[in-house]
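Structural characterization, general
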Amino acid sequence: MMIFIIGVGTTFIATPLSADRYAQLEIGILVIDMVILLAFVMLALSAERYWTLWICAMQVVQVLSHIPKMIIPELLPQAYYIVIAIWVYPMLLTLAIGTYRHRQRLRQFGVDKSWSDFSSSRKSMTHQP
């Protein structure tokens, strides 16, 4: 959830409040989207959940959504805004579903391993005969 909050906050800071907003490629938002993608990839690599992979995939589409403005600079600002903003909603829905499923597993089993333990797997790989 913190990745989303930081992403939204920095996007508001990076977006100028001017009449020509989204009239050209928003480099600041593109950079923020790429950093968020990196954060989600790091999360997915350490998590034992599929929802993190789905969020990564949606964030890749989010980053790629800037390409039409690069190719077609005269793209309507409203269309550009919708294309780069729309993906946050299915991402938040995926997070909500993942959280709900986590709570269900906790209720059902009492414990729910959410994170990979890479350190123990590395130790076992180095001590193989």
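Here we summarise the structure given alongside this text. (Residues numbered from 1 in each chain as written. Predicted model: local features only at pLDDT ≥ 70, side-chain atom pairs only at ≥ 80, totals over all residues. Heavy atoms only, no water.)

1. Focus on the packing of helix H1 (residues 2-14) against helix H2 (residues 27-46)
- At a minimum axis distance of 9 Å, the contact between H1 and H2 shows a crossing angle of 170°. Relative to H2, the element H1 lies roughly antiparallel. Listed contacts from H2 to Ile3, Phe4, Gly7, Thr10, Thr11 and Ala14 of H1 are Gly28, Ile29, Ile32, Ile36, Ala39, Phe40 and Leu43.
- Here the residues of the contact of H1 with H2 sort into nine nonpolar, four polar and no charged. (Axes fitted to C-alpha atoms, helices over the stretch in contact; angles between N-to-C directions. Helix = DSSP H or I, 4+ residues; strand = E, 2+ residues; numbered from the N terminus. Parallel < 35°, antiparallel > 145°, perpendicular 65-115°, else oblique. Contact = heavy atoms within 4.5 Å. Nonpolar A, V, L, I, M, F, W, Y, C, P; charged D, E, K, R; others polar.)

2. Brief notes about the packing of aromatic side chains
- According to the stated counting rule, one finds three aromatic pairs in the structure shown.
- For the pair Phe4 and Phe40, a centre-to-centre distance of 5.3 Å together with 55° between the ring planes defines the contact as tilted. Of this pair, Phe4 sits in helix H1 while Phe40 sits in helix H2; the two residues are 36 residues apart in sequence, bridging distant segments of the chain.
- Residue class for Phe4 comes out buried when judged on its relative accessible area of 10%.
- Both rings, one in Tyr22 and one in Tyr80, keep their centres 6.1 Å apart while their planes meet at 70°; by these two values the pair is edge-to-face. Taken together, the residues Tyr22 in the loop between H1 and H2 and Tyr80 in helix H5 (residues 77-85) connect sequence positions 58 residues apart.
- For Tyr22, a relative accessible area of 9% puts it in the buried group. (Phe/Tyr/Trp six-rings, centres within 6.5 Å; stacked < 30°, edge-to-face > 60°. Buried < 20%, exposed > 50% of the residue type's maximum accessible area, 1.4 Å probe, protein only.)

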